[in-house]
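Residues per chain, in single letters:
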Amino acid sequence: MHTVVERELELELVLSPECSIPVAALLSYRTDDPYAVHVTFHTGTDHPVNWTFARELLVEGVFRPCGHGDVRVWPTKVAGRGVVLMALSSPDGDALLQAPAAQVSAWLERTLVAVPPGTEFGRLGIDDGLAELLAPTPADDLWLGDPWLPDDFTDGE
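Rules and cut-offs
- Residues numbered from 1 in each chain as written.
- Predicted model: local features only at pLDDT ≥ 70, side-chain atom pairs only at ≥ 80, totals over all residues.
- Heavy atoms only, no water.
- Helix = DSSP H or I, 4+ residues; strand = E, 2+ residues; numbered from the N terminus.
- Expected span 1.5 Å × (residues − 1).
- Buried < 20%, exposed > 50% of the residue type's maximum accessible area, 1.4 Å probe, protein only.
- Arc of directions from axis to C-beta.
- 1 Å grid on protein atoms, 1.4 Å probe; cavity = no way out; pocket = protein on both sides within 12 Å on 5 of 7 lines; lining within 4 Å.
- Points joined across faces, edges and corners; volume = space filled by probe spheres on them.
- Pairing = 2+ DSSP bridges.

1. Quick look at helix 2 (residues 101–114)
Helical periodicity: at 3.6 residues per turn, an α-helix aligns residues three or four positions apart in one direction.
Inference 1: Compared with the 20 Å implied by 1.5 Å per residue over 14 residues, the 20 Å span of helix 2 between its first and last C-alpha is a close match.
Inference 2: Among all positions in helix 2, only Ala101, Val104, Trp107, Leu108, Thr111 and Ala114 are buried. Down the axis of helix 2, the buried set is contained in an arc of 145 degrees. They therefore lie on one face. Helix 2 presents Ala102 and Val113 as exposed residues on the side facing more than 90 degrees away from its buried surface.

Below, the structure written as structure tokens:
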């Protein structure tokens, strides 16, 4: 059974220190993809913008600056309230988004209850998939014998 933990919230797209615009977003976490968080930004077009990155990055970014390259996350205060900033970079452009820290933290806590840190690997089903892949099938009997020996061969003749 797979669980989905979602949270809709309004982020701010920071255009300059004095100007930002609201952006509706959906935070999503799936227990069948336990290492990742998914963020869908609804930008007022027919095509939402989707980002996927490590849950661990967002968890750490609530407390201290972290990340390299395409995704960087860090906490700060704006007008006396705690926020989490996410700097996202892609070939299509860069964006700085500001999210309410309390709402992001509450959602992250729900994901950590669903899949506690350190237990993600067990959710991937790799052992089950490998066992299924390596399980013998009736067709395997055709390949278990030596293809070069005649059917009536007996050892010691």
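Back to the write-up after that little detour.
2. As for empty space enclosed by the protein
Inference 1: Tallied over the entire structure, the rule returns one cavity of 30 Å³ or more.
Inference 2: Roughly 40 Å³ of volume is contained in the largest cavity.
Inference 3: Along the walls of the largest cavity sit Leu9, Leu11, Leu27, Leu58, Val84, Met86, Ala99 and Val104, which together make up its complete lining.
Inference 4: Only strand 1 (4–16) and strand 7 (81–90) provide two or more residues apiece to the lining of the largest cavity.

3. Some words on the pairing of strand 4 (residues 49–54)
Inference 1: Bridge analysis of strand 3 (residues 36–42) against strand 4 gives six bridges, and the strand direction is antiparallel. Residue pairing in the sheet places Ala36 in a bridge with Ala54 of strand 4.
Inference 2: The hairpin turn running from strand 3 into strand 4, its antiparallel successor, is six residues long, and Gly44 in that turn takes a positive phi close to 85 degrees.

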